[in-house]
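# Per-entry structural report
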Amino acid sequence: MNDTFVIVIAIAISVVLIFIFPLMTMSDRTDDVAQLTVETATKEFVDEIRTTGKITPDKYSKFLENIGATGNTYDVEMVIQVLDENPGKKATQTTTTKIGENVYYSIYTSQIEEKIAPSNSANAKPYILKQGDIVSVSVKNTNQTLSQQLKNFFYSVVGKDTYTIAAAHGGIVTATGK
């Protein structure tokens with residue numbers, strides 16, 4: 001009886017070692033590749049916005065297509081902090097280029113998407129930014145990857161509400177869009 005029990009345990013351990021661990025390793029590498037792809041696409045998208053001063057519908061859809069090619073779904077959040085051109089007149093200092101006197105207001109993803117990707121695509125226009133505006137984009141996966149599912153099954157480490165693939169990039173716009 002003891003020999004049979006040891007053989008069953010040995011078979012179970014060998015199955016785990018032969019099939020499960022390589023599957024977990026490969027799924028982790030897939031997540032690593034997806035992470036790198038999302039980071040690169042996000043950085044390129046934001047840097048293009050910063051250098052051209054505009055968000056075009058074509059570039060935005062290409063960005064969404066690039067990150068979607070990883071096979072995951074993502075939540076993309078964009079925030080543009082627009083430099084207010086009329087922050088108020090002060091008697092002693094009226095220049096808006098001094099640090100501490102600039103006033104920004106924020107534009108969020110839904111407002112940007114309304115302009116660059118409206119329901120009527122014939123009305124799609126680029127979102128024009130000006131020099132000094134601040135743009136930031138963050139991306140997080142919304143689905144559970146195979147790696148997350150396997151970790152949940154074996155370890156119960158990763159919760160269902162967490163994400164494993166994320167990227168964020170931002171910066172100051174260096175050119176006024178036209």
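What follows covers the sheet that holds strand β5 (residues 134–141). Within the open sheet, the four strands sit side by side as β3-β2-β5-β6. Their pairing is antiparallel. The open sheet is flanked by β3 (104–108) and β6 (166–172), the only strands paired with a single partner. Pairs of neighbouring strands in the sheet enclose a mean axial angle of 15 degrees, with direction left out of account. Contacts from helix α1 (residues 2–52) reach β2 (74–83), β5 and β6, with the element oriented near 15 degrees to β6.

Formed by 26 residues in total, the largest nonpolar core has its most connected members in Ile55 and Ile80. The set of elements that each furnish at least two residues to this core consists of α1, α2 (57–68), β2, α3 (109–116) and β5. The element best represented in this core is α1, accounting for six residues. Once you skip the residues sitting within four places of it in the chain, Ile80 turns out to touch Ile55, Tyr105, Ser106, Ile107, Ile112, Tyr127, Leu129, Ile134 and Val135.

Bringing the packing of aromatic side chains into the picture now. Scanning the entire structure with this criterion turns up two aromatic pairs. Here the aromatic rings of Phe45 and Tyr60 are separated by 6.1 Å at their centres, their planes lie at 45 degrees, and the arrangement is tilted. With Phe45 in helix α1 and Tyr60 in helix α2, the pair connects residues that are 15 residues apart, well separated along the chain. This pair shows no difference in class: Phe45 is buried, exactly as Tyr60 is.

Attention shifts here to the pattern of salt bridges. Taken as a whole, this structure holds five salt bridges when the rule is applied. For Asp47, the salt bridge is made with Lys43, and the minimal N-O distance between the two is 3.1 Å. Residue Asp47 and its partner Lys43 are both found in helix α1; the two are separated by four residues, about one turn of the helix. Three or more residues joined by partner-sharing salt bridges are found here, namely Lys43, Asp47 and Arg50.

Turning our eyes to something else, we now look at the packing of α1 against helix α4 (residues 146–154). Orientation of α1 relative to α4, taken along the N-to-C sense of each, is 140 degrees, at an axis distance of 8 Å. In terms of orientation, α1 lies oblique with respect to α4. For the pair α1 and α4, the crossing hand works out as left-handed. Here Ile20, Leu23, Met24, Ser27, Asp28 and Asp31 of α1 come into contact with α4, specifically with Leu146, Ser147, Leu150, Lys151 and Phe154. A per-class count over the contact of α1 with α4 returns six nonpolar, two polar and three charged.

Scoring rules and cut-offs
- Each chain carries its own residue numbering, running from 1 in the written order of its sequence.
- At least 70 in pLDDT is required for a residue's local features to be given in this predicted model, at least 80 for side-chain atom pairs to be given and counted, and no such filter applies to totals for whole chains, interfaces and linings, which use all residues.
- As a rule here, side-chain values cover all heavy atoms of the structure and leave hydrogens and water aside.
- Any two strands with at least two DSSP bridges between them are considered paired.
- To qualify as a helix, a DSSP run of H or I must reach at least 4 residues; to qualify as a strand, a run of E must reach at least 2; elements of each kind are numbered from the N terminus.
- Simply put, an axis is a line fit to the C-alpha atoms, just over the touching stretch for a helix, and the angle between two N-to-C directions goes from 0 to 180 degrees.
- Working rule for contacts: check all heavy atoms of both residues, and any pair within 4.5 Å makes them a contact.
- Side-chain atoms within 4.5 Å link the members of a nonpolar core, which is a set of buried Ala, Val, Leu, Ile, Met, Phe, Trp, Tyr and Cys residues.
- Three exposure classes are used, based on accessible area relative to the maximum for each residue type with a 1.4 Å probe and protein chains only: buried under 20%, partly exposed in between, and exposed over 50%.
- Pairing of aromatic rings covers Phe, Tyr and the six-membered ring of Trp, with a centre-to-centre limit of 6.5 Å; geometry is then stacked below 30 degrees between planes, edge-to-face above 60, and tilted otherwise.
- Think of a salt bridge as a Lys or Arg side-chain nitrogen and an Asp or Glu carboxyl oxygen that are within 4 Å of each other.
- Roughly parallel here means an angle under 35 degrees, roughly antiparallel means over 145, roughly perpendicular means 65 to 115, and every remaining angle is called oblique.
- Each crossing gets its handedness from the near helix: less than a right angle anticlockwise from the far helix is left-handed, clockwise is right-handed.
- Following the grouping adopted for this structure description, the nonpolar residues are Ala, Val, Leu, Ile, Met, Phe, Trp, Tyr, Cys and Pro, the charged ones are Asp, Glu, Lys and Arg, and the polar ones are all others, Gly among them.

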